[in-house]
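Structure at a glance
Here is how the chains run, residue by residue.
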Amino acid sequence: MAATTLPAGTTDAGLRPDQNETTPRGVRWWRELGWRHVVTWAVLVFCFIPILYVLSSSLNPTGSLTGSNKLFSSISFQNYVDLLSDPVHPYVRWFANTIVIATTTSVGTVLLGAAAAYAFSRFRFRGRRGGLLSLLLLQMFPQVLAYVAIFLLLVTLREVFPAIGLGSPLGLILVYLGGALGVNTYLMYGFFNTVPKELDEAAKIDGASHAQIFFSIILRLVAPILAVVGLLSFVGVFSDFLIASIVLVDPEAQTLAVGLYQYVSQRFSEYWGVFAAGAVLAAIPVVLLFQFLQRYIVSGLTQGAVKG
């Protein structure tokens, strides 16, 4: 194949060397990097203003959002004291309930999704492709369509098995685990396919069973995707309001999202300052978990798309 020739005195970019030299350095920097810095700072400002506003509201002793228009105009920790000492609204109990439910659900989601993804990735059986396609198609229907069915099912189960019926935290965990498959399984399936099957065959030669291969070898190699699925599940359950408000009717068993809503649900007794303080404290576990699993997030979301 004959090499293409450029006109004399031009570069690959189509500019003459003297044109590159005469372009001001500041203009070149703006074209290459400057505009990116402007976009980055604009996004950061857009993201941090709501956070600063909520933090300012939590430190405002007036307890109203209109009094927080000037950020940090007055600083007081009275809202936090009222939040933690209110006997009618047990915030600490809500916090503990949310941590237990979110942690249990995320662990169960990871185990169920990993087991399903391992089966789809390593075994060949009738209905394998149809099963994968069905998991994706089921996610097309909005979850709101199942809320009435979930409520009626839990009401019926409460008469037979009170431990998993309406008002039970265990029943809420089972509802969350019922929707744990689908996208999570398909995401894990792509990541499991990146693990060479020769490792399984070598372990079988040494006498390892499928369970030993799964728990001792595969799970260690797919740790990034497990961390991503666990994080997404934890955040989703931690911030869920609709399903938790339907299932948990006992104030002592409610989660943070449902409990905090009581501070702003009544028109003439809204405690926005206390609500903001509760929101600030509720964000701490999510931020800490995100920072702890941050190194796994990028590799977990991208590496599974290499081989599907």
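The structure contained in this document is the topic of the report that follows. These numbers were taken from a predicted model, which means no experiment stands behind them.

Its 34 residues give helix α2 (residues 25-58) an end-to-end C-alpha distance of 47 Å, which sits within 8% of 50 Å, the value for a rise of 1.5 Å per residue. Of all the bends found along α2, the most pronounced is centred on Arg31 and spans about 60 degrees. For α2, the full list of buried residues reads Gly34, Ser56, Ser57 and Ser58. At its buried positions, α2 is contacted by α3 (78-85) and α14 (272-292).

To continue, consider the packing of aromatic side chains. Evaluation of the coordinates by the stated rule reveals 11 aromatic pairs. The interplanar angle of 55 degrees and the centroid separation of 5.2 Å between the aromatic rings of Tyr118 and Phe214 together place this pair among those described as tilted. Here Phe214 lies in helix α10 (residues 210-221) and Tyr118 lies in helix α4 (residues 91-122), a separation of 96 residues in the sequence. In this pair, the class of Tyr118 matches that of Phe214, namely buried. Measuring from centroid to centroid gives 5.8 Å for Phe120 and Phe125, while their planes differ by 40 degrees, and the two rings are tilted. Classification of Phe125 as partly exposed rests on a relative accessible area of 38%. Grouped by ring-pair contacts, the aromatic residues Tyr118, Phe123, Phe192, Phe214 and Phe215 constitute a single cluster.

Our focus in this paragraph is the packing of helix α8 (residues 183-192) against helix α11 (residues 223-238). Where α8 meets α11, the closest approach of the two axes is 10 Å, and the angle between their N-to-C directions is 165 degrees. By the angle between their directions, the pair α8 and α11 is classed as roughly antiparallel. α11 is crossed by α8, and the crossing has right-handed handedness. Facing α8, whose interface residues are Asn184, Leu187, Met188 and Phe191, α11 presents Pro224, Ile225, Leu226 and Val229.

Definitions and limits used
- Residues numbered from 1 in each chain as written.
- Predicted model: local features only at pLDDT ≥ 70, side-chain atom pairs only at ≥ 80, totals over all residues.
- Heavy atoms only, no water.
- Helix = DSSP H or I, 4+ residues; strand = E, 2+ residues; numbered from the N terminus.
- Expected span 1.5 Å × (residues − 1).
- Bend = angle between axes of the 7 residues up to and from the residue.
- Buried < 20%, exposed > 50% of the residue type's maximum accessible area, 1.4 Å probe, protein only.
- Contact = heavy atoms within 4.5 Å.
- Phe/Tyr/Trp six-rings, centres within 6.5 Å; stacked < 30°, edge-to-face > 60°.
- Axes fitted to C-alpha atoms, helices over the stretch in contact; angles between N-to-C directions.
- Parallel < 35°, antiparallel > 145°, perpendicular 65-115°, else oblique.
- Left-handed = near helix turned anticlockwise from the far one by under 90°.

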